[in-house]
Amino acid sequence: GKPFPEVPIEEDDPAVILYTSGTTGRPKGAVSSHRGICGFVTVGVVNGVRNMMYAASQGVTAEPSPPMCTLVTAPLFHMSGLYAGAVTSLATGGKTVWRSGRFDPGDVLRLIEAERVTSWSALGNTSHLVVTHPDVDKYDLSSIRNIGSGGAPTSKEVQDALRKVFPTGAHNVGLGYGLSESVTPCSMIGGLELREFPNSVGRIAPTHEVEIRDESGNAVGEGVEGEIHIRSPYLMLEYWNRPDATAETLLPGRWLRTGDVGRIEGERLFINSRARDLILRGAENVYPVEIEHRLEAHPDVAEAAVAGVDHPSLGQEVKAFVVPRAGARLDT
């Protein structure tokens, strides 16, 4: 019975501060507007409709789904937890399931079975931890209809593993690309389109512009790699109390400099690496993500991470950290 607050709120007033390391350096507070958070919901809904239309064009029709139940395992200080898990669920309706404490893949499997979860979005490597859990075959996961992933590149091998572990959601595996600074995902992909283009993060979202620029800040053509820049009505307003960092990231014309390296082909965005993670070996660019995905495709490799280390003549050399699968033997 309480009345609504009478304080007037404009769409572009500050709403939330999410702390992020940004493109470089120590964490900074990305200030999101009310318009940006509402835009997150709208972009997600539009993407769902677009996926259904794409599937229909390929002769696949949507099947009746049970009542929506979303398991949220992303933290609330992350856009995947707050905007996707909390705000979008409030806007679209449905049951949500939350757990506290450190991420526990075994508990995720338990909750999916116990709560008849229909939708779960993984963050970072959490999808890998779930699909490779030793008890994954002991649970009834048939309620799952939608599987999402974000926060880090998701290799084709992990995508295929998700489809195998969650067969009822195999046609609705999706992922997107966005930053705390962009507030909304600037591109999304899922379903049949992701099967066809497993290395892409999808088509550019409506109301968004993406430019790929070279080191001089000039836009490059299709298929040419460079730094990703984003513009939309939903970008963060600023870094809280950091005008210097804001000026480095929000460029003239309200373009967001992401620090990520990618290219556009066939209207789809492909991401190779973060600019600061790029390895320069003998004046050649080496993208760690490409090597990591290749290593993880090996049947005896559970996880891999690649970094650049100093080299006296090459400048940098590639170093890989590999976790073998249980029972695998590695020869030196």
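Position numbers for residues start from 1 in each chain and track the written sequence from start to end. At least 70 in pLDDT is required for a residue's local features to be given in this predicted model, at least 80 for side-chain atom pairs to be given and counted, and no such filter applies to totals for whole chains, interfaces and linings, which use all residues. Each side-chain value is worked out from all heavy atoms of the structure, with water and hydrogens disregarded.

J.: Please clarify how the overall build of the chain should be interpreted in this entry.
T.: For the chain, the count of helices and strands is eight helices and 19 strands. C-alpha atoms define the radius of gyration in this analysis, and the globule rule sets the expected value at 2.2 Å times the number of residues to the power 0.38. A compact globule built from 332 residues would reach a C-alpha radius of gyration of about 20 Å, and the chain, at 21 Å, matches this within 12%. Each residue is placed in one exposure class: buried if its accessible area under a 1.4 Å probe, protein chains only, is under 20% of its type's maximum, exposed if it is over 50%, and partly exposed if it falls in between. Considering the chain as a whole, with its 332 residues, one finds that 42% of them fall into the buried category. Considering only intrachain contacts with a sequence separation of at least 6, the fraction spanning at least 24 residues in the chain is 60%. Strands are runs of DSSP state E lasting at least 2 residues, helices are runs of H or I lasting at least 4, and numbering of each runs from the N terminus. Whether two residues touch is decided by their heavy atoms; if any such pair falls within 4.5 Å, the residues are in contact.

J.: Would you explain the pairing of strand S8 (residues 187-190) in this entry?
T.: Neither face of S8 is exposed, since Ser-187 and Ile-189 on one face and Met-188 and Gly-190 on the opposite face are all buried. Any two strands with at least two DSSP-identified bridges between them are counted as paired. As defined by bridge partners, strand S7 (residues 173-177) adjoins S8 across four bridges and the pair is classed as antiparallel. Opposite Gly-174, over in S8, you have Gly-190 as the bridge partner. One ladder, built from two bridges, connects S8 with strand S9 (residues 200-204); its direction is antiparallel.

J.: Honestly, the side chain of Asn-47 in this entry has me stumped. Any pointers?
T.: Locating Asn-47 in the fold gives a position in helix H1 (residues 34-57). Judged by relative accessible area, Asn-47 falls into the buried class, the value being 9%. When sequence neighbours within four positions are dropped, the list of residues in contact with Asn-47 reads Met-188 and Ile-189.

J.: Got a minute to help me understand the pattern of salt bridges in this structure?
T.: Side chains bearing opposite charge may pair, as long as their charged atoms lie close to each other. A carboxyl oxygen of Asp or Glu within 4 Å of a side-chain nitrogen of Lys or Arg is what we treat as a salt bridge. Counted by the stated rule, this structure contains 18 salt bridges. For Asp-107, the salt bridge identified is with Arg-110, shortest N-O distance 2.6 Å. With a gap of three residues between them, Asp-107 and Arg-110 both fall in helix H3 (residues 105-115), about one helical turn apart. Linked through salt bridges whose partners overlap, the residues forming this network are Glu-193, Arg-203, Glu-267 and Arg-268.

J.: When you look at the pairing of strand S3 (residues 69-72) in this model, what are you seeing that I'm missing?
T.: A regular strand places its side chains so that they alternate between the two faces of the sheet. Neither face of S3 is open: one carries Cys-69 and Leu-71, the other Thr-70 and Val-72, and all of them are buried. Taken together, the four bridges between S3 and strand S4 (residues 95-98) define a ladder with parallel strand orientation. Considered in S4, the bridge of Thr-70 is made with Thr-96. Crossovers are described as right-handed under a simple rule: with the strands pointing away from the observer, the path leading from the first strand over the helix to the second runs clockwise. Each parallel crossover has a hand, and the one from S3 via helix H2 (residues 79-92) to S4 is right-handed.

J.: For this particular structure, what's the right way to read the environment of Ser-33?
T.: Mapped onto the fold, Ser-33 is located in strand S2 (residues 28-33). Given the relative accessible area of 1%, Ser-33 is considered buried. Sequence-wise, Ser-33 and Glu-113 are 80 residues apart; in three dimensions their C-alpha atoms are separated by 37 Å. Those residues in contact with Ser-33 that lie beyond four places of it in its chain are Glu-11, Asp-12, Asp-13, Ala-15 and Leu-237.

J.: Just checking my understanding: could you explain the nonpolar core for this structure?
T.: One finds Phe-166, Ile-230 and Leu-269 to be the most contacted residues of the largest nonpolar core, which totals 41 residues. In terms of residues, this core owes the most to one element, H3, which gives four residues. The residues touching Phe-166, leaving out its near neighbours within four places in the chain, are Ile-112, Val-130, Leu-141, Ile-144 and Ile-147. Definition used in this section: a nonpolar core is a set of buried Ala, Val, Leu, Ile, Met, Phe, Trp, Tyr and Cys residues joined via side-chain atoms within 4.5 Å. In this structure, Leu-18, Met-79, Tyr-83 and Val-183 belong to the second largest nonpolar core, which totals six residues.

J.: Quick question: what am I supposed to make of the packing of aromatic side chains here?
T.: Given two aromatic rings, one states the distance between the centres and the angle between the planes to describe the pair. Pairs were defined over the aromatic rings of Phe, Tyr and Trp, the Trp ring being its six-membered one, requiring ring centres within 6.5 Å. Orientation was assigned from the angle between planes: stacked under 30 degrees, edge-to-face over 60, tilted for the rest. Per the counting criterion, the structure on display carries one aromatic pair. Cation over ring: Lys-28 sits above Tyr-239, and NZ or CZ is 5.2 Å from the ring centre. Whether a charge lies above a ring is judged from NZ of Lys or CZ of Arg, which has to be within 6 Å of the ring centre and within 35 degrees of the ring normal.

J.: What should I look at first to understand the sheet that holds strand S12 (residues 238-239) in this one?
T.: Through backbone hydrogen bonds, the strands of a sheet pair up, either in parallel or in antiparallel fashion. Here we have three strands laid out as an open sheet, ordered S1-S2-S12, and antiparallel in their pairing. Unpaired on one side and paired on the other, strand S1 (14-20) and S12 mark the two borders of the sheet. Relative to S2, S1 runs antiparallel, the two sharing six bridges. Residue pairing for S2: Tyr-19 is matched across the bridge by Gly-29. Only the stretch in contact is used when fitting a helix axis, every axis being a line fitted to C-alpha atoms; angles between N-to-C directions are given from 0 to 180 degrees. Lying over the sheet, H1 contacts S1 and S2, oriented at roughly 75 degrees with respect to S2. In the packing of H2 onto the sheet, contacts are made with S1 and S2, and the angle to S1 comes to roughly 145 degrees.

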